Amino acid sequence: MKATAELQILPIGSGVSVRKDVVRVLELLQKFDFVIETHAWGTDIEGEMADILNAVGLIHETLHNEGSVRLVSILKLGTRTDKTPTLAGKQL
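Values in this document were obtained by computation on a predicted structure and should not be read as measured data.

K.L.:
Just checking my understanding: could you explain the packing of helix α1 (residues 19-29) against helix α2 (residues 49-65) for this structure?
P.N.:
Contact geometry for α1 and α2: axes closest at 10 Å, N-to-C directions at 135 degrees. On the basis of their axis angle, the class for α1 and α2 is oblique. In the packing of α1 onto α2, the handedness of the crossing is right-handed. Contacts from Asp 21, Arg 24, Val 25, Leu 28 and Leu 29 in α1 reach Ala 55, Leu 58, Ile 59, Thr 62 and Leu 63 in α2. Of the residues assigned to the contact of α1 with α2, the class counts are seven nonpolar, one polar and two charged.

K.L.:
When you look at the nonpolar core in this model, what are you seeing that I'm missing?
P.N.:
Inside soluble globular proteins, nonpolar side chains tend to come together where they are buried. Formed by 16 residues in total, the largest nonpolar core has its most connected members in Ile 9, Leu 29, Ile 45 and Ile 59. Among the elements of the structure, β1 (2-12), α1 and α2 are those that each provide at least two residues to this core. It is α2 that provides the largest number of residues to this core, a total of five residues. Sequence-distant contacts of Ile 59, that is, excluding residues within four places in its chain, are made with Leu 7, Ile 9, Val 25, Leu 28, Leu 29 and Leu 71.

K.L.:
For this particular structure, what's the right way to read the packing of aromatic side chains?
P.N.:
Here the distance between the centres and the angle between the planes together describe a pair of aromatic rings. Counted under the stated rule, the structure contains one aromatic pair. Ring geometry for Phe 32 and Phe 34: centres 5.1 Å apart, planes at 10 degrees, overall stacked.

K.L.:
Looking at this structure, how should I read α1?
P.N.:
What sets the pattern is the α-helix's 3.6 residues per turn: residues three or four places apart point alike. Those residues of α1 that fall on the buried side of the exposure criterion are Asp 21, Val 25, Leu 26, Leu 28 and Leu 29. Summarising the axial view, the buried residues of α1 lie within an arc of 160 degrees, below the 170-degree limit, and thus occupy one face. Opposite the buried face of α1, at more than 90 degrees from it, the exposed residues are Arg 19 and Lys 20. Buried residues belonging to α1 abut β1, β2 (35-39), β3 (42-48) and α2.

Each value, and the rule that gives it
- Residues numbered from 1 in each chain as written.
- Predicted model: local features only at pLDDT ≥ 70, side-chain atom pairs only at ≥ 80, totals over all residues.
- Heavy atoms only, no water.
- Axes fitted to C-alpha atoms, helices over the stretch in contact; angles between N-to-C directions.
- Helix = DSSP H or I, 4+ residues; strand = E, 2+ residues; numbered from the N terminus.
- Parallel < 35°, antiparallel > 145°, perpendicular 65-115°, else oblique.
- Left-handed = near helix turned anticlockwise from the far one by under 90°.
- Contact = heavy atoms within 4.5 Å.
- Nonpolar A, V, L, I, M, F, W, Y, C, P; charged D, E, K, R; others polar.
- Core = buried A, V, L, I, M, F, W, Y, C linked by side-chain atoms within 4.5 Å.
- Buried < 20%, exposed > 50% of the residue type's maximum accessible area, 1.4 Å probe, protein only.
- Phe/Tyr/Trp six-rings, centres within 6.5 Å; stacked < 30°, edge-to-face > 60°.
- Arc of directions from axis to C-beta.

Encoded structure:
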């Protein structure tokens, strides 16, 4: 099932700058067949719902294995049955 999502990954205890973690998250997301749009407070994703959920799991597993002690994810996930959801369809 196709879906759109907004994802925030919040590393806790990583110091003031989380740039390294954000770059790593984007690298991991690019392994999937997603349309990705980044913005100041998160990343918008278009793709298969199962892949989006798998990506969040991979991100947590990878960042923990690379030294992040605490991670919080905020995921807004949208699906539709009347048409295929796209990020382009969300543009104002």
